[in-house]
Amino acid sequence: MNARLKSQLISYSFILPYMLIAVVFAFLPFLIVIMLSFYQGTLLDLNNLKFVGLDNFKKVFMNADLYLSAFYNSLFYAIVIIPVGQITALTLALLIRRKSRTNAIFETVFFSPIIISMTAAGVILAYVLDKMGPLNYLLALFGIPEINWFGDKIMSKLGVGILEIWKGATFYTFIYIAALRNIPADYLDAAKIDGVTWWQEIWHILLPLIKNAILLGVVMTTIFMFQIYDSIYILTGGGPLRGSESIAFLIYRVTLLDDQIGLGAALSILFLLFVLLISFIQMKLLKSETEY
Amino acid sequence: MVRDKIGILAIVKYIVLVVISGGIVIPIWLLFVSSFRQTTNVMTYPPKLWPDDGDFANYIELFFGTTFSFGRWFLNSLIVAGLSTGLTLLVCSLAGYAFARREFPGKNIMFVLIISTMMVPSIVSLIPSYLIVDKLGWTNSYLGLIIPTVASAFGVFLLRQFIQVLPKELEESAKLDGCGDYGIFFRIIFPIIGPSLGVLAIFHFVGNWGSLIWPLIITTDAQMQTLPVGIAGMKTYGSNTSGEIMAATFLSFIPLFIVFLFAREKFIEGVTAGAVKG
């Protein structure tokens, strides 16, 4: 065996453990989901899958209104959570961008929701948002009538939005703090000598300098927000009347609860294409924004 | 005048920070207080701010009662997140090293394939992965809970980035000293990338500790469930918010939080690593 071949074999041995697991649990599932989208059957009776061609996809498009509501819910989540979450994250980052003891305390506080699991955060907010819970008590002090967060389709979506923002927004704060602290000191010193106001400093110096981080944050949160389902599972279970179901939760429900495995697979494929399309558009925007 | 303006700005700044901090801390505090109270008293008007009428009944029930396998869930979470993290570090650093430093046919295409798996939403591969685990007979087992979570494309990407910027002289001098290919990795590379491994370890552990849907669908046996699955399941035992859920939830994040207090910088680096490096 020559030295080059031997060296290559050793290289393969380095990636072998990873590739073995990736093939079985990342690539193979992907092929299976494509295959399943052409079949009909139930999870309990996998030996009796029936090949149905494109029927599952036809079903989705013929009964589009059954599935569009989940799509609209996902859009609702994206439209509410992304701007509110990002503006909160960015504001907090700008407020505590300097390293100091006080800011270290705020950093610790803002980091806690990141460590808390979505399940735990869901239990906490289910309690806070409860009809008899502390939030309604607080609102009542200001004369605001009690809100039934889980009673109707809009409020339950807002409830999920609050959970996602409570648990997720400060994650981006730390991305933005890292970016702000990476700005070379001389940029900021020069600005100080020129006597810019705090507003000019933020608007004309800091934000443009961390533009890439912000774009990245927006891309990440967009991709994540279209995929949420843990928060829905734990807080509303998709209800009431499927009013808080996201696309990802719909796929979960159709496949596991309604036990329509082929239909779930077809929805998965369509969802994947949608997520890829969104990512592609955002990457394009990201590229054109950074080239100057 | 200028000074007044700065004073007002500082006040506004601290009001914003304190209000948002309150929005995070107060719910956690209320959870803590409720965890000492009887289920029937959890929802009191006004909310209780101090656990002066509570006791440890919920905690005792969790650990010594027969309704919940809380101790077991905790142990399972520890085993699963711990082993998953350990294996991820090993498997991903081996692959990351090969992609950073070694030459072999198909290297680029394999790397692109690995990275592209990051684009696939987890819900898409959830059911097929379950079918595979079921075929392997790994449902309700640590194997099923751990192995599928080990192939972290993000981990390979991150460690490859870190290894790429190491000076090549290290490996060359080790080779001159007669160090073999595996020796170079385990004796030179692996120790040097320790800090990066720490970053990935935190990132992976935190994510795995909180993971819900995967352990949920592959475990039916309460003895094999992890904390998030167990806690999510407690919601069906009774009312939405029982004292026991509050206690279980509090216990589910407080250990991690204490570790975080001791390694703040590392945690922050760990969680933001992907975004900052990428």
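Residues numbered from 1 in each chain as written. Chains lettered and ligands numbered in written order. Predicted model: local features only at pLDDT ≥ 70, side-chain atom pairs only at ≥ 80, totals over all residues.

Per an unreviewed UniProt entry, chain B goes by the name Carbohydrate ABC transporter permease and belongs to Paenibacillus mendelii. Under the heading Sequence similarities (unreviewed entry), UniProt records this for chain B: "Belongs to the binding-protein-dependent transport system permease family." Quoted straight from UniProt, the Subcellular location (unreviewed entry) entry for chain B says "Cell membrane". (UniProt positions renumbered as here; feature names shortened; annotations may be inferred.)

The name given to chain A in an unreviewed UniProt entry is Carbohydrate ABC transporter permease, with the source organism recorded as Paenibacillus mendelii. Entered under Sequence similarities (unreviewed entry) in the UniProt record, the comment concerning chain A runs "Belongs to the binding-protein-dependent transport system permease family." Turning to chain A, the UniProt annotation filed under Subcellular location (unreviewed entry) states: "Cell membrane".

Asks: Describe the overall build of chain B, naming the residues involved and giving the relevant values.
Replies: Across its full length, chain B carries 14 helices and 0 strands. Helices (α) and strands (β) of chain B occur, in sequence order from the N terminus, as α-α-α-α-α-α-α-α-α-α-α-α-α-α. Its C-alpha atoms give chain B a radius of gyration of 24 Å, more than 25% over the compact-globule value 19 Å for 278 residues. Each of the 278 residues in chain B was classed as buried or not, and the buried ones make up 42%. Long-range pairs, those at least 24 residues apart, make up 74% of the contacts in chain B between residues at least 6 apart in sequence. (Helix = DSSP H or I, 4+ residues; strand = E, 2+ residues; numbered from the N terminus. Rg over C-alpha atoms; globule rule 2.2 N^0.38 Å. Buried ≥ 20, exposed ≤ 12 C-beta atoms within 10 Å, placed from the backbone. Contact = placed C-beta atoms within 7 Å.)

Asks: Summarise the nonpolar core; cite the residues concerned and give the values.
Replies: Leu125 and Tyr176 of chain A together with Ala95 of chain B are the most contacted members of the largest nonpolar core, which has 148 residues in total. The element contributing the most residues to this core is helix α7 (residues 153–181) of chain A, with 14 residues. The contacts of Tyr176 of chain A, once residues within four sequence positions are left out, are Ala89, Leu90, Ala93, Ile210, Ala213 and Gly217 of chain A. (Core = buried A, V, L, I, M, F, W, Y, C linked by C-beta atoms within 7 Å.)

Asks: Break down the UniProt feature "domain: ABC transmembrane type-1" (unreviewed entry) in chain A for me, with residues and values.
Replies: Under the UniProt annotation, the feature "domain: ABC transmembrane type-1" (unreviewed entry) is placed at residues 71–282 of chain A. Taken end to end, residues 71–282 of chain A is 78% helix and 0% strand, and its first and last C-alpha atoms sit 19 Å apart.

Asks: Quick rundown of the UniProt feature "transmembrane region" (unreviewed entry) in chain B? Include the residues and the values.
Replies: All names here are of chain B. Annotation from UniProt places "transmembrane region" (unreviewed entry) at residues 12–32, 73–99, 111–133, 145–163, 184–206 and 245–263. With 96% helix and 0% strand, residues 184–206 has its two end C-alpha atoms placed 30 Å apart. For residues 245–263, the helix share is 95%, the strand share is 0%, and the end-to-end C-alpha distance is 28 Å.

Asks: Lay out the interface of chain B and chain A with the relevant residues and their values.
Replies: Listed per partner, the contact involves 72 residues of chain B and 71 residues of chain A. Per-element accounting of the side of chain B that touches chain A gives the leading share, 13 residues, to helix α1 (residues 2–34) of chain B.

Asks: Describe in detail the domain arrangement of chain A, supporting the description with residues and values.
Replies: Residues and elements named next belong to chain A. In terms of domain boundaries, chain A breaks down into domain 1 (3–51) and domain 2 (64–290). Computed from C-alpha coordinates alone, the two centres of domain 1 and domain 2 are separated by 33 Å. Taken together, the contacts link 9 residues of domain 1 with 7 residues of domain 2. Within the residue set of the side of domain 1 that touches domain 2, elements represented by two or more residues are α1 (3–36) and β1 (39–40). Residue contributions to the side of domain 1 that touches domain 2 peak at 3 residues, all from α1. Tallied by class, residues from the side of domain 1 that touches domain 2 come to 5 nonpolar, 4 polar and no charged. (Domains from an automatic or database assignment. Nonpolar A, V, L, I, M, F, W, Y, C, P; charged D, E, K, R; others polar.)

Asks: Before we move on, could you go through the UniProt feature "transmembrane region" (unreviewed entry) in chain A and cite the residues and values that matter?
Replies: All names here are of chain A. As annotated by UniProt and renumbered to match this structure, "transmembrane region" (unreviewed entry) occupies residues 12–39, 75–96, 108–129, 135–151, 158–179, 202–226 and 261–281. Secondary structure across residues 12–39 comprises 89% helix and 4% strand; the distance between its end C-alpha atoms is 36 Å. In residues 135–151, the share of helix is 41% and the share of strand is 0%. The end C-alpha atoms are 15 Å apart.

Asks: Please set out the domain arrangement of chain B residue by residue, giving values where relevant.
Replies: All names here are of chain B. The domains assigned to chain B are domain 1 (2–62) and domain 2 (68–277). Taking only C-alpha atoms into account, the centre of domain 1 sits 32 Å from that of domain 2. At the interface, 13 residues of domain 1 touch 12 residues of domain 2. Here the side of domain 1 that touches domain 2 takes 4 residues from helix α2 (residues 57–64), the largest share from any one element. Looking at the side of domain 1 that touches domain 2 residue by residue, the classes come out as 6 nonpolar, 5 polar and 2 charged.

Asks: Could you give me a rundown of helix α10 (residues 194–210) of chain B, with the residues and numbers involved?
Replies: Helix length check: α10 of chain B (17 residues) gives 24 Å between terminal C-alpha atoms against 24 Å at 1.5 Å per residue, within 8%. Every buried residue belonging to α10 of chain B is among Ser196, Leu197, Val199, Leu200, Ile202, Phe203, His204, Val206, Asn208, Trp209 and Gly210 of chain B, and all of these are buried. (Expected span 1.5 Å × (residues − 1).)

Asks: So what's going on with the environment of Leu256 of chain B? Residues and values would help.
Replies: When you line up the elements, Leu256 of chain B lands in helix α13 (residues 243–262). Classification of Leu256 of chain B as partly exposed rests on a count of 19 C-beta atoms within 10 Å. Expressed as a C-alpha distance, the spacing of Leu256 of chain B and Phe205 of chain B, which sit 51 residues apart in the sequence, is 9.6 Å. Among residues more than four places away in sequence, those in contact with Leu256 of chain B are Ile115 of chain A together with Val206 and Trp209 of chain B.

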